[in-house]
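# Coordinate analysis (summary)
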Amino acid sequence: MRHESILLIGGSGFIGSHIAARLAGQGRTVTVPTRRRERAKHLLVLPTVQVVEANIFDESTLERLLAGADAVINLVGVLHSRPGHPWGPAFEQAHVALPRSLARACVRLHIRRVLHMAALGAAADAPSMYQRSKAAGEQLMLEAPSLQVTSFRPSVVFGPEDNFLNMFARMQAWLPAMMLGGADARFQPVYVGDVAQAFVDALDDPTTFGLVYELVGPHVYTLRELVRLAGLYSGHQRPVIGLPDVLARLQAFLLEHMPGGPLMSRDNLDSMKADNVASGRYPLPSGWKATSLEAVAPDYLRR
Ligand SMILES: NC(=O)c1ccc[n+]([C@@H]2O[C@H](COP(=O)([O-])OP(=O)(O)OC[C@H]3O[C@@H](n4cnc5c(N)ncnc54)[C@H](OP(=O)(O)O)[C@@H]3O)[C@@H](O)[C@H]2O)c1
């Protein structure tokens, strides 16, 4: 069955915008709810995409948005929250309560097809609140009765609008050296275009129902190597100095309390206690061919 009308929650963000463009390219109707229409204005040029201001955390609003859709994609995620046990309130709202109410609403409205975004390393006993809450939300989705759910777990995602390599490039443009916590943590960065294509390919494919996929790039890098590459490709390579744990935690605490929102948090540091690389516990999408960082990052970081 071809799904024609997609509710794309979190569609205004980095990954969502790439998925929206691909779905629109296939002539599908896409509705993107956002807290601020301004944030999604780049999507308005896409012919079959509609942007609506809405509070997705309100269940009756969610039901209104779902009416008329035949599939839903949930990409909502946050990187930071105040602390809490087993996770903080912002993680609870975005990663757990939303999937719970979304699953409930889909069951009620008989919308069976759901694509869900988790994250690599999500586990009930993961070191960070982010990963623990992502695991709980994914489980709620997969266990919802009668839904056809596919969940995706990418490593860190790179692409022209990423907030990862671009941030390290920007920092090296004005800092004399990079003082780095978690410098030896390992990542397997995956290209945003490949992530978006995995969602679009799975949408109508019944062999993906009920499955979880890991999405990773072709190579593993330490954080130190990624920061060096960001510096090299952007033309501002600085010395990278790994911080011992105590100093890394102090730095994360300070960055957590930056005016204008955290640049990084102690929870981010916790998530780096476990390598963010393919675990082998879940498959890669069938025919997965990942784009290398070297093939695309030099171009956008130079700019
Ligand atoms: N980027 C990565 O490296 C990466 C890696 C692994 C997993 N993921 C997961 O992939 C998903 C998408 O990531 P992304 O990088 O595209 O994120 P993003 O650019 O920050 O976009 C997040 C989206 O969530 C929506 N949202 C709704 N309520 C929110 C709230 N209370 N707080 C924050 N955002 C809210 C935002 O919509 P409005 O602001 O328009 O309302 C936005 O469209 C997330 O679930 C993330 O955890 C990302």
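A few points on the structure.

About the cut-offs
- Residues numbered from 1 in each chain as written.
- Predicted model: local features only at pLDDT ≥ 70, side-chain atom pairs only at ≥ 80, totals over all residues.
- Heavy atoms only, no water.
- Pairing = 2+ DSSP bridges.
- Helix = DSSP H or I, 4+ residues; strand = E, 2+ residues; numbered from the N terminus.
- Axes fitted to C-alpha atoms, helices over the stretch in contact; angles between N-to-C directions.
- Contact = heavy atoms within 4.5 Å.
- Polar contact = N/O pair within 3.5 Å; in protein donor to acceptor, adjacent residues only side chain to side chain.
- Near = heavy atom within 4 Å.
- Areas by Shrake-Rupley, 256 points an atom, 1.4 Å probe, with all protein chains shown as cover.
- Nonpolar A, V, L, I, M, F, W, Y, C, P; charged D, E, K, R; others polar.

## Description of the sheet that holds strand β5 (residues 113–117)
Reading across the sheet, the seven strands line up as β3-β2-β1-β4-β5-β6-β11 and stay open at both edges, with parallel pairing between neighbours. A strand with exactly one partner marks an edge of an open sheet, and here the two such strands are β3 (49–53) and β11 (211–215). Across the sheet, the mean angle separating the axes of adjacent strands is 20 degrees when strand polarity is ignored. Taken together, the four bridges between strand β1 (residues 5–9) and strand β4 (residues 71–74) define a ladder with parallel strand orientation. Considered in β4, the bridge of I9 is made with N74. Along the sheet, helix α1 (residues 14–25) makes contact with β1, β2 (29–34), β3, β4 and β5, crossing β1 at roughly 170 degrees.

## Details of the side chain of R113
Tracing the backbone shows R113 in strand β5. Within polar-contact distance, the side chain of R113 engages the backbone oxygen of Q148 at 2.8 Å. Dropping the residues within four chain positions of it, R113 is found in contact with H3, D70, A71, V72, Q148, V149, T150, A202, L203, D205, T208 and F209.

## Overview of the site of the ligand
In the vicinity of the ligand there are 24 residues, among which S12, T34, R39, Y130 and K134 approach most closely. F14 places a polar main-chain atom, nitrogen or oxygen, 2.8 Å from an oxygen atom of the ligand. Take V157: an N or O atom from its main chain is 2.8 Å from an oxygen atom of the ligand. Across the complex, the protein chains shield 83% of the 880 Å² of accessible surface that the ligand would expose by itself. Contributing elements (two or more residues each) for the shell around the ligand: α1 and α4 (129–143). Of the residues contributing to the shell around the ligand, the split by class is 14 nonpolar, seven polar and three charged.

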